[in-house]
Amino acid sequence: MHKHDVIHEELKVVSSLSRLQKVILDTLDLQTVVQDVVNATLKELEFLGFDISVVVLNLIDEKADVLRRTSISHTDVAKAAVQGLPIPFSKVEIPMEATENICVSSIHEKKSMLTHSWDDILSPPLKPEDAIMLQKGVGVRTSIVFPLISRDSEVGSMIFSFQKNITKLSSIEEEVLWRMTDTAGLAVQNSRLYTNLHQANQKITRANKRLREIDTLKDEFISLASHELRTPMTAIKGYLWMTLNQAPVKLHPTVEHNLEICYQSAERLIRLVNDMLTVSRIEGKRIKINKVSMELADLTRQICEEMAIPAQQKGLRLQCPVAKGDTRLVADPDKLRQVITNIIGNAIKFTPPKGKVTMKMQTDATQVHVIISDTGPGIRPEDRDKLFTKFGKFEHAYEQQQNITGTGLGLYISKQIVSLHDGSITVESEVGKGTTFTVSLPKPGTKSKGKAAESDTKRNHSRNKDHNLLARESQQKKKGGAK
Amino acid sequence: MTATANQSAIAKHILVVEDEQALRDMYVQILQNAGYTVTAAEDGKTAFETMKSNTFNLVLLDIMLPEMDGIQVLEKLTSETEFSTEQTPVVLFTNLGQDQLIAKALTLGVRGYLVKSDYTPDQILTEVQKYIA
């Protein structure tokens, strides 16, 4: 060929492939892509001078392990072929193990294949005689199959059918068809990946919506249940109290003792319901922190004075804080009272008689600290992790015995309340020596690092949550939904 | 016991609104033993009618009630009658923990709210003394 003609031909091919790419890589919608692939390919092949009658796209269905007819070009020959099929077009499915069918074997062998017999492209779904009869009726002489492989994945294959007899493609013709089928494979795979991602995203959105609904239901249930539980508890507590304190007759010591135990259990149950409600409010983010200007030293002194009697009754020495430094805070006094009472209450509860409990206060540039120490048995390292969790139980016999009044939620709630104040609770303990709890709260006007660190952990935590949801979903898919 | 109640020539009159019989009987007994005159109502409608046509030194009002809940009773009283929470102290006496409901009641002039299960009979008397007119 003349050099000028060669360049002209090459330019034609390049522009054709470029057009094809533009059309079929333009959209991600699978339905559109599969039709565009066959139509645009046919159009470009005609443009390049191929006497092409039909282009067919087959895609692999991995679940069913078949190669399925997916789309066909809009030509008259194609229409005739589809009408002449004994089964619907999309039901022409070739098992991936049927390697006598060249639509499948071209994929396995990654080679293009040529046939003059439609038996080779339509069985086993069609009987050989039916396939050949259809071929004759439609007037196709040659069909050439190219595999679609993208990113090392088998995607499917394409069938190019011609009414003239072709024995072999020229190297240029092969090259052009390879380029086109590569583009087609890429387009289809991109579309499929996008569609899968989109569906997974919708699934997660629905799952999240459902989770939020369940969360709200849980909160409503807890509120309702709390009220229902409190009603009989009020009667039990009230009537027991009246029996123990205002009985018209003097009670036998055993009877009195037994009723006392009942009363304490009733109180414990009431405290538990209260704590569960608080936990529900904290987790549902419905808890209100009513911040006011306050003197932490006043609060700690008050609490310590209230604790003097229970400490004395147990034979413990209680040392209360001495006013020193500026302990002004902007915080919720009722909530902080709950926290400090809980911690000092624990100290008194878990320190055996003859021991000592001290409460001190310290201030530095940015924070105010309340430090509560005891000479109790200390917390073992393996129990440390359970300390601020819900219902973390101690194995140590003494602690278990002393904790008959505990709800198991006190420290969890305390930690949450302190966090909501942008503060922190830390523990130091030595088995056999004692324990020290430190509640640290930011001074007014300081944008504490605590807050930044906390929102970081919050962000990371929620990212992890979504990640876990995704991971769990894919794990369940693998295991077939079994837990 | 409670010296205050016994000191006045005419005993102070308290209305207890409570639908649970066991609790209602208990509160009536506690308050009567302390020297107060006590009237009891067991549902919202009765509470409304009673508060409309009588004066009390204190009303202990439950929220969860048949016919009309405690908040509705208050709303109806303050909008349709001459009842005033400024003249008659009303204290919510409930086992609910719903902040929104309670916040609403506070805007209607309720003096406070007590969670029933948190109070022993003697503690209730202390609170009554605090709020009674």
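The shown structure was predicted, so the numbers you read here are calculated from the model rather than taken from an experiment. (Residues numbered from 1 in each chain as written. Chains lettered and ligands numbered in written order. Predicted model: local features only at pLDDT ≥ 70, side-chain atom pairs only at ≥ 80, totals over all residues. Heavy atoms only, no water.)

1. Re the packing of aromatic side chains
Using the following cut-off: Each pair of aromatic rings taken from Phe, Tyr and Trp, with Trp reduced to its six-membered ring, is defined by centres within 6.5 Å and is described as stacked if the planes are under 30 degrees apart, edge-to-face if over 60, and tilted in the remaining cases. Our definition puts a charge over a ring when NZ of Lys or CZ of Arg is within 6 Å of the ring centre and also within 35 degrees of the ring normal.
Using the criterion set out here, one finds four aromatic pairs over all chains in the structure. Each residue in the set Phe146(A), Phe160(A) and Trp178(A) is aromatic and connected to the rest through ring pairs, giving one cluster. A cation over a ring is seen here: Lys415(A) above Phe388(A), with NZ or CZ 5.0 Å from the ring centre. Lys76(B) extends its terminal NZ or CZ atom over the ring of Phe48(B), reaching a point 4.7 Å from the ring centre.

2. As for the interface of chain A and chain B
As a reminder of what qualifies: The criterion used for residue contact is that any of the two residues' heavy atoms lie within 4.5 Å. Joining two parts hides part of their accessible area as seen by a 1.4 Å probe, and the buried area is that hidden amount summed over both. For this analysis, a salt bridge means a side-chain nitrogen from Lys or Arg found within 4 Å of a carboxyl oxygen belonging to Asp or Glu. Think of a polar contact as two N or O atoms within 3.5 Å of one another; within protein, one of them needs to be a possible hydrogen donor and the other a possible acceptor, and neighboring residues in sequence only count if both atoms come from side chains. A run of H or I in DSSP becomes a helix once it reaches four residues, and a run of E becomes a strand once it reaches two; helices and strands are each numbered from the N terminus. Polar here means any residue outside two lists: the nonpolar Ala, Val, Leu, Ile, Met, Phe, Trp, Tyr, Cys and Pro, and the charged Asp, Glu, Lys and Arg; Gly therefore counts as polar.
In this assembly, 19 residues from chain A lie in contact with 23 residues from chain B. Summed over both sides, the interface between chain A and chain B buries roughly 1800 Å², with carbon and sulfur atoms accounting for 61% of that surface. When the buried surface of chain A facing chain B is broken down by residue, His227(A), Arg230(A) and Thr234(A) rank first, second and third, together holding 29% of it. Our count for the contact surface shared by chain A and chain B stands at zero salt bridges. At the junction of chain A and chain B, the tally comes to six residue pairs in polar contact (both at pLDDT 80 or more). Of all the secondary-structure elements, those providing two or more residues to the side of chain A that touches chain B are helix H7 (171–246) and helix H8 (253–283) of chain A. Class assignment of the residues belonging to the side of chain A that touches chain B gives a composition of seven nonpolar, seven polar and five charged.

3. Considerations on the sheet that holds strand E4 (residues 113–115) of chain A
All names here are of chain A. Worth spelling out the cut-off: Think of it this way: DSSP has to see at least two bridges between two strands before they count as a pair. Lines fitted to C-alpha atoms define the axes here, with helix axes fitted over just the stretch in contact, and angles between the N-to-C directions of these axes take values from 0 to 180 degrees.
Spatial strand order, E3-E2-E1-E6-E5-E4: six strands in an open sheet with antiparallel pairing. Each having just a single partner strand, strand E3 (93–95) and E4 make up the two edges of the open sheet. Taken pair by pair, the neighbouring strands of this sheet meet at an average axis angle of 25°, ignoring direction. Strand direction decides the pairing type here: E4 and strand E5 (residues 142–150), joined by three bridges, are antiparallel.

4. Re the sheet that holds strand E10 (residues 356–363) of chain A
Residues and elements named next belong to chain A. Read across the open sheet, the five strands follow the order E8-E10-E11-E13-E12; overall the sheet is mixed. The outermost strands of the open sheet, each flanked by one partner alone, are strand E8 (317–319) and strand E12 (424–430). The sheet shows a mean angle of 15° between the axes of neighbouring strands, taken without regard to direction. Bridge analysis of E12 against strand E13 (residues 434–442) gives seven bridges, and the strand direction is antiparallel. From the neighbouring strand, Ser429 faces E13, where its bridge partner is Thr435. Its contacts with the sheet put helix H10 (residues 333–350) on E8, E10, strand E11 (367–374), E12 and E13, and the angle it makes with E11 is roughly 25°.

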